[in-house]
Amino acid sequence: MSRIGVFVCHCGHNIAGTVDVKTVVEQLQRNGDVAFAIDYKYMCSDPGQQLIRESIEKYQLDGVVVAACSPAMHESTFRRTVSTAGLNGFRCESANIREQVSWVHQQDKEAATHKAVEITTSIVEKVKRNESLEPLILPLTHRSLVIGGGIAGMQAALDIADAGYPVILVERTAQLGGRMAELSGSYLNFQAAPDLLEKKIHQVLSHPNIQTLLNAEVVSLSGYVGNFHVKVNQNTQLEEAPVIPLDQTQPLTFSFEVGAVVVATGWQPYNRSRLPEYGGADIPDVVDGLTFEKMLRQGGPVRRPSDGKIAREVVFVQCAGSRDPEHGVSYCSKVCCMYVAKQAMMYKERVADGQAYVFYIDIRSAGKNYDEYVQRAMTDYGVLYLRGKVSRIFREGDQTLVWGSDTLTGRAVEIGADLVVLATPMLPSDGSVELGQLLHISTDKYGFFNEAHPKLRPVETLTAGIYLAGVAQGPKDIPETVSQASGAAAKVLQLFSKDEMTASPLVASVIEELCAACGACVKVCPYGAREIHPIWNYATVNAALCQGCGACVVACPNKASQVHNWRVEQIMGMVDVLVKNLVL
């Protein structure tokens, strides 16, 4: 007979407001394997954890079930708690009665309470058969790879290198800086971008811990967190100013052992030819935001590309292809409202007697001093904002006509413009899907890399040891990009803070006597963690690569594959308890 302790958390009113926690405790106390059961307001608090430790010692518990929030929130917390009390951490499990019960059954408290009892009872049945496991100890290579030499990649590389760890920085173009190098200035501070970027590039190139490879691309990656093997190809024939001198005997393919990877591949502009209603790419005086940045970088008055005349009337069109699932992309690129305000003000500084118009759907200026900045464009620079969509842009004579509407006045608007600037969407960098397949990380339907969790793990991927920085993960501006790059670097430094790496032992295993070496598990493993032993002829598991997904368990016809603490007999025991309660 087991001696399991059950601790039911109120989570303030999150659980106790819907679930009758006293009834849950009373029902669990009737279970023959439960030696002690109690409820407490906040189990994750210091007093709550102390209650668990004291109960383990007082009642000689050999297992613990905490009925509380999602295991993703505090299961690791509770496992550390029971470990300090002398009980193996993997003899502790969480029963999710918040997200799976109280939050989804707020209108039926009786049903919620009954479901909470059933879920907790099933976890008690699981803990009875849990193995006492120890974390896996793995070697760790204290070197990182950063893919992408834009502001995100450079910031991540510098943060890691400044902590004393070597960094391989791979950039596929001939220079560092990324898209930021194409800007005429940054909003909030017109003159900051060029100077800041030049300093950042100099810091990277002169840093003793950073090895920079230009005109280079990652062509293969194998291994696992802490022990990746990377191959990089460098095209030296196209490289105008190589950062690392290469002699004739040095190969074009470089191999590196790295412990972590930061993906900072940036973005690319939207192709204007996909917007025929806005002239596509056929009207010379219709440009996108990046092209206008190059025009501003030249200094002097803004001149239209068609004939070089000074542009006296400039129309900015926001959301040109953004937030438009029928003709473009459905997402907001997040930066357009701000850089349009910047560009309009910089235009007015160069052409004082000119007029700037901005067509907008709504203004999204969320950030410190951002809204005030947009207001400055209107009040201090006289930029005319028109709330409405542009329906058509076409050439007539030496002018470009813009047809739109002003929804605030309810009138149609026609402007004869000298220049039209389209605020087009930010797209993921070309080749991001292929790179994701190579690195075994997923992308969304647009090609941006997916984070492991949007709230709890925003810079991590589902492949351990690979992190995201900048617009490669989704549209964002320079301050947010730099912040995320430093966040990714912090994750790398957290990994590198130990001499060895520990990993969860909740991975697959093979019962050798049952294995027929059919290879079914090898084919379905999404992490490449399985292979057939060449001599003993049975399936083996690379525990460092295995993520415990259980695909091999489903595929194995002999049930030779099992996941530690998620064995078939445990799952069937949980099902038996639920079915028994259903019958009763």
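Residues numbered from 1 in each chain as written. Predicted model: local features only at pLDDT ≥ 70, side-chain atom pairs only at ≥ 80, totals over all residues. Heavy atoms only, no water.

Visitor: For this particular structure, what's the right way to read the sheet that holds strand S7 (residues 167-170)?
Guide: Across a sheet, strands are paired by hydrogen bonds formed along the backbone, either parallel or antiparallel in direction. Spatial ordering of the open sheet is given by S8-S7-S6-S12-S23, a layout of five strands whose pairing is parallel. Of all the strands in the sheet, the pair left with one neighbour each is strand S8 (210-213) and strand S23 (466-468). The sheet shows a mean angle of 20° between the axes of neighbouring strands, direction not considered. Pairing geometry for S7 and S8, over four bridges, is parallel. Within S8, the residue paired with Ile 168 across the bridge is Gln 211. (Pairing = 2+ DSSP bridges. Helix = DSSP H or I, 4+ residues; strand = E, 2+ residues; numbered from the N terminus. Axes fitted to C-alpha atoms, helices over the stretch in contact; angles between N-to-C directions.)

Visitor: Looking at this structure, how should I read the pairing of strand S10 (residues 227-234)?
Guide: Successive side chains on a regular strand alternate, one facing one side of the sheet and the next facing the other. In this sheet, S10 lies alongside strand S9 (residues 216-224) in antiparallel orientation, the contact comprising eight bridges. When the sheet's bridge partners are listed, Ser 222 is paired in S10 with His 229. Between the antiparallel neighbours S9 and S10 lie two residues, among them Gly 226 with a positive phi of about 85°. Pairing of S10 with strand S11 (residues 253-258) involves six bridges; the strand directions are antiparallel. When the bridges of S11 are listed, Asn 233 appears paired with Thr 253.

Visitor: What am I meant to see in the confidence of the model for the protein chain here?
Guide: Should pLDDT be low for a region, the predicted coordinates there are not to be read in detail. Scored by pLDDT, the protein chain comes out at a mean of 93, with 96% of its residues at no less than 70. Across residues 238-242, where pLDDT falls below 50, the model places five contacts with residues more than four positions away in sequence or in other chains. (pLDDT = per-residue confidence, 0-100. Contact = heavy atoms within 4.5 Å.)

Visitor: It is not clear to me how unusual backbone geometry should be interpreted in this structure. Could you clarify?
Guide: Peptide bonds are mostly trans, and most non-glycine residues show a negative phi. Phi is positive for Cys 11, close to 50°, though the residue is something other than glycine. Mapped onto the elements, Cys 11 comes out in the loop between strand S1 (4-9) and helix H1 (21-29). For Cys 11, a relative accessible area of 13% gives the class buried. (Buried < 20%, exposed > 50% of the residue type's maximum accessible area, 1.4 Å probe, protein only.)

Visitor: Quick question: what am I supposed to make of the side chain of Thr 81 here?
Guide: With respect to the helices, strands and loops of the structure, Thr 81 is situated in helix H3 (residues 71-84). At 2.8 Å, the side chain of Thr 81 forms a polar contact with the side chain of Gln 49. Here Thr 77 takes part through its backbone oxygen, which lies 2.9 Å from a polar atom of the side chain of Thr 81. Setting aside anything within four residues of it in sequence, one finds Thr 81 in contact with Gln 49, Ile 52 and Arg 53. (Polar contact = N/O pair within 3.5 Å; in protein donor to acceptor, adjacent residues only side chain to side chain.)

Visitor: Please clarify how the packing of helix H8 (residues 289-297) against helix H9 (residues 336-350) should be interpreted in this entry.
Guide: Helix-helix packing: each pair is described by the crossing angle between the helix axes and the interaxial distance. The geometry of H8 relative to H9 is characterised by a closest axis approach of 11 Å and an angle of 30° between their N-to-C directions. One finds that H8 runs roughly parallel with respect to H9. Helix-helix and strand crossings are classified by hand; for H8 and H9 the assignment is left-handed. Within the contact between the two elements, H8 uses Gly 289, Phe 292, Glu 293 and Leu 296 and H9 uses Tyr 339, Lys 342, Gln 343, Met 346, Tyr 347 and Arg 350. (Parallel < 35°, antiparallel > 145°, perpendicular 65-115°, else oblique. Left-handed = near helix turned anticlockwise from the far one by under 90°.)

Visitor: I keep staring at the packing of aromatic side chains and nothing clicks. Help me out?
Guide: Centre distance and the angle of the planes are the two values used to describe a pair of aromatic rings. Across all of its chains, the model carries nine aromatic pairs by this definition. Feature note: the residues Phe 7, Phe 36 and Tyr 59 constitute an aromatic cluster, connected by ring pairs. In this structure, Arg 179 packs its charged tip against the face of Trp 267, placed 5.6 Å from the ring centre. For the cation-ring pair, Arg 392 lies above Trp 403, with the distance from its terminal atom to the ring centre recorded as 5.7 Å. (Phe/Tyr/Trp six-rings, centres within 6.5 Å; stacked < 30°, edge-to-face > 60°. Lys NZ or Arg CZ within 6 Å of the ring centre and 35° of its normal.)

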